[in-house]
Amino acid sequence: MTILEKIINFKKQEIAKIKSEVPVKKLVESPKFKRTPISLKASLTEESSTGIIAEFKRQSPSKGIINDQVSVTEVTNGYLDANVAAQSILTDTSFFGGTMADLMEARTINTIKPILRKDFVVDGFQIVEAKAIGADVILLIAACLTAEEIKNYGQLANDLGLEVLYEVHNQQDLDKISDLDNKIIGINNRDLKTFKVDLEHSINLANQIPSSAIKVSESGISNPRIVTGLKEYGFQGFLIGENFMKEENPGEACLDFINQIR
């Protein structure tokens with residue numbers, strides 16, 4: 001069983017349990033459900049955008065603990081000072097050490113930039129939950145969903161006013177997304193089956209994505225020169241977590257990185 005299969009199996013059981021305890025009505029009635037989400041699309045396409053989607057990530061299945069010493073508040077403030085385009089927060093507890101409370105804490109500080117809820121969506125309930133905790137964007141990973149699920153979950157997110165980052169790793173994943181026009185497509189350079197990273201993935205798949213779509217490169221971006229290179233292939237977004245989080249002060253590392261791009 002691959003790491004991804006293990007995560008998905010666990011996630012399905014976890015969500016089934018949460019659904020039996022928390023009624024959807026309760027989520028819909030939560031105060032944050034009424035807020036108007038901030039657009040990731042707009043943030044990535046504005047002229048002054050840094051394009052950086054900076055992630056808060058304590059640990060990962062492939063690296064173990066990355067940084068469990070810094071608080072969400074510290075990191076969020078640091079990322080905002082660095083003028084990131086958006087923030088990404090891992091809310092998976094069992095494999096990534098994140099929580100929904102992390103996103104809620106970040107949301108109280110970050111009122112101006114979009115927040116991506118980074119998790120493994122296997123049920124529409126999680127999309128309603130994302131809206132309720134203050135997320136603006138959800139992640140749909142093509143590798144662990146069917147074409148029909150991608151379409152339905154994408155539609156549900158849109159109906160709730162949320163944007164979607166559709167994550168693909170290869171042509172097979174890309175083929176599951178019915179219409180690429182005007183969508184935000186993230187190309188994950190990390191193979192979720194083996195967790196190996198190869199930046200060529202972004203470059204190879206970029207040509208298969210129409211120019212109307214917003215291209216985001218995810219994982220393995222450790223040098224500002226990589227961002228400059230990827231921009232030539234039409235990328236407007238760059239999701240970076242570990243490169244910042246492995247430092248003592250992730251916000252400072254992010255600011256330094258962004259200054260080097262310019």
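Presented here is an overview of the structure given in this document. All values reported here derive from a predicted model rather than from experimental measurement.

1. Notes on the pairing of strand β8 (residues 184-188)
Among the five residues that make up β8, five are buried, leaving the element largely enclosed by the rest of the structure. Residues Ile-184, Gly-186 and Asn-188 line one face of β8 and the alternating positions Ile-185 and Ile-187 line the opposite face, and both faces are buried. Here β8 runs beside strand β9 (residues 214-218); their pairing, made up of five bridges, is parallel. Its bridge partner being in β9, Ile-185 is matched across the sheet by Lys-215. Read as a crossover between parallel neighbours, the route from β8 over helix α9 (residues 200-206) to β9 is right-handed.

2. Details of the pairing of strand β7 (residues 163-168)
With six of its six residues buried, β7 lies for the most part within the structure. Where burial is concerned, the two faces of β7 agree: the one with Glu-163, Leu-165 and Glu-167 and the one with Val-164, Tyr-166 and Val-168 are both buried. Alignment of strand β6 (residues 137-141) against β7, held across five bridges, turns out to be parallel. Looking across to β7, one finds that Val-137 is bridged to Glu-163. Considered for its hand, the β-α-β crossover made up of β6, helix α7 (residues 147-159) and β7 is right-handed. Note: β7 against β8, four bridges, orientation parallel. Note on β8: the bridge partner recorded for Val-168 is Ile-187.

Definitions and limits used
- Residues numbered from 1 in each chain as written.
- Predicted model: local features only at pLDDT ≥ 70, side-chain atom pairs only at ≥ 80, totals over all residues.
- Heavy atoms only, no water.
- Buried < 20%, exposed > 50% of the residue type's maximum accessible area, 1.4 Å probe, protein only.
- Helix = DSSP H or I, 4+ residues; strand = E, 2+ residues; numbered from the N terminus.
- Pairing = 2+ DSSP bridges.
- Right-handed = clockwise from strand over helix to strand, strands pointing away.

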